[in-house]
Amino acid sequence: PDLCPNMIATQAKLVYQLNKYYNERCQARKAAIAKTIREVCKVVSDVLKEVEVQEPRFISSLSEIDARYEGMEVISPNEFEVVLYLNQMGVFNFVDDGSLPGCAVLKLSDGRKRSMSLWVEFITASGYLSARKIRSRFQTLVAQAVDKCSYRDVVKMVADTSEVKLRIRERYVVQITPAFKCTGIWPRSAAQWPMPHIPWPGPNRVAEVKAEGFNLLSKECYSLTGKQSSAESDAWVLQFSEAENRLLMGGCRKKCLSVLKTLRDRHLELPGQPLNNYHMKTLLLYECEKHPRETDWDESCLGDRLNGILLQLISCLQCRRCPHYFLPNLDLFQGKPHSALEAAAKQTWRLAREILTNAKTRIVFIHLEKELGGGDRQGAFHHRSRSDELSAGAQVYWACRTHGSRSEPTQLLTVIKT
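Residues numbered from 1 in each chain as written. Predicted model: local features only at pLDDT ≥ 70, side-chain atom pairs only at ≥ 80, totals over all residues. Heavy atoms only, no water.

**Here we look at the pattern of salt bridges**
Test applied: The working definition used for a salt bridge is a side-chain nitrogen of Lys or Arg within 4 Å of a carboxyl oxygen of Asp or Glu. Secondary structure elements follow DSSP: runs of H or I no shorter than four residues count as helices, runs of E no shorter than two count as strands, and numbering proceeds from the N terminus. For the exposure calls, accessible area comes from a 1.4 Å probe over protein chains only, and a residue counts as buried if that area is under 20% of its type's maximum, exposed if over 50%, partly exposed in between.
Taken as a whole, this structure holds 21 salt bridges when the rule is applied. The partner of Glu81 in a salt bridge is Lys219, with the nearest N and O atoms 3.2 Å apart. One end of the pair, Glu81, is in strand β4 (residues 79-85); the other, Lys219, is in the loop between β10 (214-217) and α4 (229-234), and 138 residues separate them in sequence. Among the ionic pairs, Arg253 bridges to Glu294, the shortest N-O distance being 2.9 Å. In this pair, Arg253 sits in helix α6 (residues 253-267) while Glu294 sits in the loop between α7 (277-290) and α8 (302-318), placing the two residues 41 residues apart along the sequence. Taking relative accessible area as the criterion, Glu294 reaches 44% and is therefore assigned partly exposed. Bridged by salt links that share partners, the residues Arg29, Arg264, Asp265 and Glu269 form one connected network.

**Some points on the packing of α6 against α8**
Where we set the bar: Axis lines are fitted through C-alpha atoms, for helices just across the contact stretch, and the angle between N-to-C directions can take any value from 0 to 180 degrees. By the definition adopted for this analysis, an angle is roughly parallel if under 35 degrees, roughly antiparallel if over 145, roughly perpendicular if from 65 to 115, and oblique otherwise. It is the rotation of the near helix from the far one that decides the hand of a crossing: anticlockwise by less than a right angle makes it left-handed, clockwise makes it right-handed. By definition, residues are in contact when any of their heavy atoms lie within 4.5 Å. In this count, Pro and Cys sit with the nonpolar residues alongside Ala, Val, Leu, Ile, Met, Phe, Trp and Tyr, while Asp, Glu, Lys and Arg are called charged and the others, Gly among them, polar.
One way to put it is that α6 packs onto α8 with a least axis distance of 10 Å and a crossing angle of 50°. One way to sum up the angle between α6 and α8 is to call them oblique. Crossing of α6 over α8 shows right-handed handedness. Counted together, Lys255, Cys256, Val259, Leu260 and Leu263 of α6 and Leu302, Arg305, Leu306, Ile309 and Leu310 of α8 form the full contact between these two elements. For the contact of α6 with α8, the class distribution of residues is eight nonpolar, no polar and two charged.

**Some remarks on the pairing of β10**
Inclusion rule: For two strands to be treated as a pair, DSSP must find no fewer than two bridges joining them.
Along β10, one buried face is formed by Phe214 and Leu216 and the opposite face, lined by Asn215 and Leu217, is buried too. Here strand β9 (residues 172-182) pairs with β10 via four bridges, running antiparallel. Counterpart to Lys181 in the pairing with β10 is Asn215. Where β10 meets strand β11 (residues 236-239), three bridges bridge the pair, whose relative direction is antiparallel. For Asn215, the partnering residue across the bridge sits in β11 and is Gln239.

**Things to note about the environment of Lys281**
Looking at the element boundaries, Lys281 is found in helix α7. Since its relative accessible area comes to 9%, Lys281 is described here as buried. As for Lys281 and Leu257, which are separated by 24 residues in sequence, their C-alpha atoms are 6.5 Å apart. Leaving out residues up to four positions away in the same chain, Lys281 has contacts with Ser241, Glu244, Asn245, Leu248 and Leu257.

**Topic: the packing of α6 against α7**
Packed helices, taken two at a time, are described by the angle between their axes plus the distance between the axes. Here α6 crosses α7 at 145°, and the two axes come no closer than 9 Å. Two packed elements cross with a definite hand, and for α6 against α7 that hand is right-handed. Judged by residue contacts, Arg253, Cys256, Leu257, Leu260, Lys261, Arg264 and Asp265 of α6 engage Asn277, Met280, Lys281, Leu284 and Cys288 from α7.

**Notes on the side chain of Gln239**
The cut-off we apply is this: In protein, a polar contact means a hydrogen-donor-capable atom and an acceptor-capable atom, both N or O and within 3.5 Å, with residues adjacent in sequence counting only if both atoms are side-chain atoms; elsewhere, any N or O pair within 3.5 Å suffices.
Note that Gln239 resides in strand β11. Side chain to side chain, Gln239 and Asn215 meet in a polar contact 2.7 Å long. Engagement of the side chain of Gln239 in a polar contact is seen with the side chain of Ser241, the distance being 3.3 Å. Among all residues touching Gln239, those that are not within four sequence positions of it are Glu73, Val83, Phe214, Asn215 and Leu217.

Below you can see the structure in the form of structure tokens.
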């Protein structure tokens with residue numbers, strides 16, 4: 001249907017303000033983070049050099065390629081994760097039977113090959129390569145390296161965690177995670193992706209993504225709470241960062257993600273830490289499925305895509321469930337306090353409301369902080385996801401996907417009094 005002139009003008013103004021916000025806020029955030037990464041990587045590289053001297057099996061894979069550090073993930077402007085890729089996974093079979101959501105185990109393909117493994121002392125009696133044992137050894141090595149490295153006056157280990165975390169200059173936290181890179185295979189628990197009736201991302205891109213593979217990380221897996229400790233000890237966490245980044249190529253997808261990250265950093269950093277930038281990335285991937293045509297990702301559609309993602313975020317927060325994009329049985333909100341999720345839903349609605357209703361003014365982006373301090377007028381936004389009833393005040397055309405399945409997007413027109 002043709003849009004009336006007023007709607008076209010409002011949309012144009014929203015795109016203008018988004019571009020202004022991107023140029024003024026997002027680019028400043030990127031520049032500041034890039035500067036921080038260079039500073040942080042100097043320290044981490046020095047620590048890892050000391051680790052390698054003590055234990056040659058832990059070779060630093062942190063390298064700068066095209067002004068990017070491979071293996072460096074930005075969690076927030078002050079929090080980072082460095083993935084340290086390990087060698088020689090060959091004598092192990094990848095076992096992914098779904099019993100450990102978001103995780104898998106590495107089991108010796110042949111018991112007679114135990115002595116052939118580079119990691120022989122970390123193999124359990126049952127033949128599993130223990131993620132926790134490797135991490136424990138690595139933590140000891142890093143603690144020793146911190147005391148010896150040339151940056152020892154500005155870096156220290158974070159205590160009371162089984163993770164390997166460094167605090168740098170009392171401002172930044174860097175987690176260093178041992179990992180194996182898995183290429184040429186695809187996890188059984190992600191076998192439902194992509195569903196045949198969803199046209200995005202297309203067969204060529206799917207082939208590229210699956211060839212890119214995934215990582216197995218040695219880190220705490222919060223989905224295993226209450227499981228047997230031995231399973232938790234042996235399990236490796238599945239990670240798909242390279243695959244996700246490949247999917248977000250083209251159109252305004254990465255620009256949209258940059259805006260979402262900036263909005264989260266500035267307005268959704270809340271007590272209990274209910275939201276991180278990975279939630280934003282996940283919802284962006286779902287939005288790509290809902291809007292599979294490349295024309296849906298023209299610069300002129302950026303405002304519509306942003307609104308859709310924020311409203312889907314409200315929905316997920318209200319029903320306290322955010323399924324992992326590749327592993328829908330894994331809930332990314334697991335373990336988050338319900339009160340924190342509720343507070344995040346209210347704050348996200350304030351944010352979405354300002355963008356929806358004030359696109360014609362400069363207030364929405366440049367002075368958003370002042371607006372978000374105002375009252376919280378709540379209506380009743382009803383969106384059915386399975387049997388969940390959500391409330392979050394809205395007057396929107398809302399396209400959503402059913403949680404935990406790959407069904408066709410359900411389109412609802414909801415008119416609410418606010």
